[in-house]
Every structure is written in structure tokens, then in C-alpha cells.
Amino acid sequence: MYVTFMFISLAAASTNQMLYDTFFFRLGFCFDQANAASGMAVQDECKLKFLELKAKRNYRFIIFKIEAQQVVVEKLGSPEESYDDFTNSLPADECRYAVFDFDFITDENCQKSKIFFIAWSPDTSKVRMKMVYASSKDRFKRELDGIQVELQATDPSEMSIDIIKGRAL
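I will try to describe carefully the structure that is included in this document. Computed from a prediction, not measured in an experiment: that's the story for all the values here.

**A closer look at the pairing of strand E6 (residues 149-153)**
When a strand is regular, its side chains alternate between the sheet's two faces.
Step number 1: Side-chain alternation along E6 places Val149, Leu151 and Ala153 on a buried face and Glu150 and Gln152 on a face that remains uncovered.
Step number 2: In this structure, strand E5 (residues 111-120) lies alongside E6, joined through five bridges in parallel fashion. Bridging from a neighbouring strand, Ile118 pairs with Leu151 of E6.

Structure, rendered in C-alpha cells:
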């Protein structure tokens, strides 16, 4: 009976937020509902640094990692750093999220820029780590307003500069 009631209350949450809040409050649960789906928090620094990359162009790239159930900034790439510097900053055997500000020139000779979101999940990383990153990706990506292109890569060839250029055009 208890399990059935809990299931009904969770299903009703989409139509009746008050019922949902009351149910979990009475059971003594306190958690951020925005993070309830993935269980992953996002540090404010992640959003602030992304806004700086997008608006002020203070960084060429940002690498994020999941640490203690939250997404944190691991590395900031200066505007002078290259795409090779970025790819060399990704660990060979651990998953990461990254954003890269890619500058290019169109066929019409116009200078443009696109912000890539890259989900790095190398084949050599642990299965559990891959699962955690995969299940939290969409939730984290929603926090970064302004992503223009998404790319998933399991080895460096899947995110070569030629693939980046092709996706940007």
C-alpha cells in the first residue's frame, strides 16, 4: 500500500505541485526539486564561468567534472589557447563535460563563433562513471543557456577539428 501511494503521489506531482511538496515534507525529505531527476547539483560557478565565456569571451573553453554529487569547474582555458590545448586537457580515462568557443570563417568570409557542448566519455572510463555522466547531461546542459552545438565523443577521433568545423558550418 505504501509503495502504491508513493507512486500515485509522484505521478500527481506534475499536475499538483502542492500535493508533491506536502507528501515529501511529511516524510521528512528535504532536497532541491530541480535536482531531483538527476540527483546532481550544479555549482553556481559553472553557470557564471559559462556566462563569462559566452558574453565576455574570457575563456576559450571550460572543462567540468562531477565531484561529490555536483558539477564543478575543473579547468578554464584562456582565450589564447587552441583546440589542441583543449583536447589535451581532457583525461584519457575519465568522463567530462566541456564547452568550447569555436571561431571560424564562413564561405562568405564572415567571422563567426559557435559554442559547443561536448560530452566526453572515453571507452576506457569506468561504466559507473559513464552512467552518471550520461544521466546528468541533459540536466546540466539546461543550466547553460546558449549552447549552439552538442557533440558526444568516446575517443579523440570523434571530436577532431575537422568534425568541429563540419558541425559549425
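**Considering the packing of aromatic side chains**
The relative placement of two aromatic rings is captured by the distance of their centres and the angle of their planes.
Step number 1: For the structure shown, the criterion picks out twelve aromatic pairs.
Step number 2: On the numbers, 4.9 Å between centres and 70 degrees between planes, the contact of Phe64 with Phe140 is edge-to-face. Placement of Phe64 in strand E2 (residues 61-67) and of Phe140 in helix H5 (residues 127-143) is noted, with a sequence separation of 76 residues between them. Taken individually, Phe64 and Phe140 each receive the classification buried, so the pair is uniform in this respect.
Step number 3: Aromatic side chains Phe102 and Phe104 sit 5.8 Å apart centroid to centroid with 15 degrees between the ring planes, which places their arrangement in the stacked category.
Step number 4: An aromatic cluster of at least three residues, connected via ring pairs, comprises Phe61, Tyr83, Phe86, Phe100, Phe102, Phe104 and Phe116.

**Some thoughts on the side chain of Thr106**
Step number 1: Mapped onto the elements of the fold, Thr106 is located in the loop between strand E4 (96-105) and E5.
Step number 2: When its relative accessible area of 15% is taken as the criterion, Thr106 is described as buried.
Step number 3: Here Thr106 is in contact with Lys112 and Leu169, once residues within four sequence places are set aside.

**Overview of unusual backbone geometry**
Step number 1: Of note, the phi angle at Arg57 is positive, near 60 degrees, even though the residue is not glycine.
Step number 2: Topologically, Arg57 is positioned in the loop between helix H3 (44-56) and E2.
Step number 3: Look at Asn109: it is not a glycine, yet its phi comes out positive at around 65 degrees.
Step number 4: Summarising the element assignment, Asn109 is placed in the loop between E4 and E5.
Step number 5: Residue class for Asn109 comes out exposed when judged on its relative accessible area of 64%.

**Side note on the sheet that holds E4**
Step number 1: Sheet architecture is open: six strands sit in the order E1-E3-E2-E4-E5-E6, paired in mixed fashion. Both edges of this open sheet fall to strand E1 (41-42) and E6, since each of them pairs with a single strand only.
Step number 2: Bridging between E2 and E4 involves four bridges; their strand directions are antiparallel. Within the sheet, the bridge partner assigned to Phe61 lies in E4 and is Phe100.
Step number 3: Sheet strands touched by H5: E1, E2, strand E3 (70-77), E4, E5 and E6. Its angle to E4, the strand with the most contacts, is close to 50 degrees.

The rules behind the values
Residues numbered from 1 in each chain as written. Predicted model: local features only at pLDDT ≥ 70, side-chain atom pairs only at ≥ 80, totals over all residues. Heavy atoms only, no water. Buried < 20%, exposed > 50% of the residue type's maximum accessible area, 1.4 Å probe, protein only. Helix = DSSP H or I, 4+ residues; strand = E, 2+ residues; numbered from the N terminus. Pairing = 2+ DSSP bridges. Phe/Tyr/Trp six-rings, centres within 6.5 Å; stacked < 30°, edge-to-face > 60°. Contact = heavy atoms within 4.5 Å. Axes fitted to C-alpha atoms, helices over the stretch in contact; angles between N-to-C directions.

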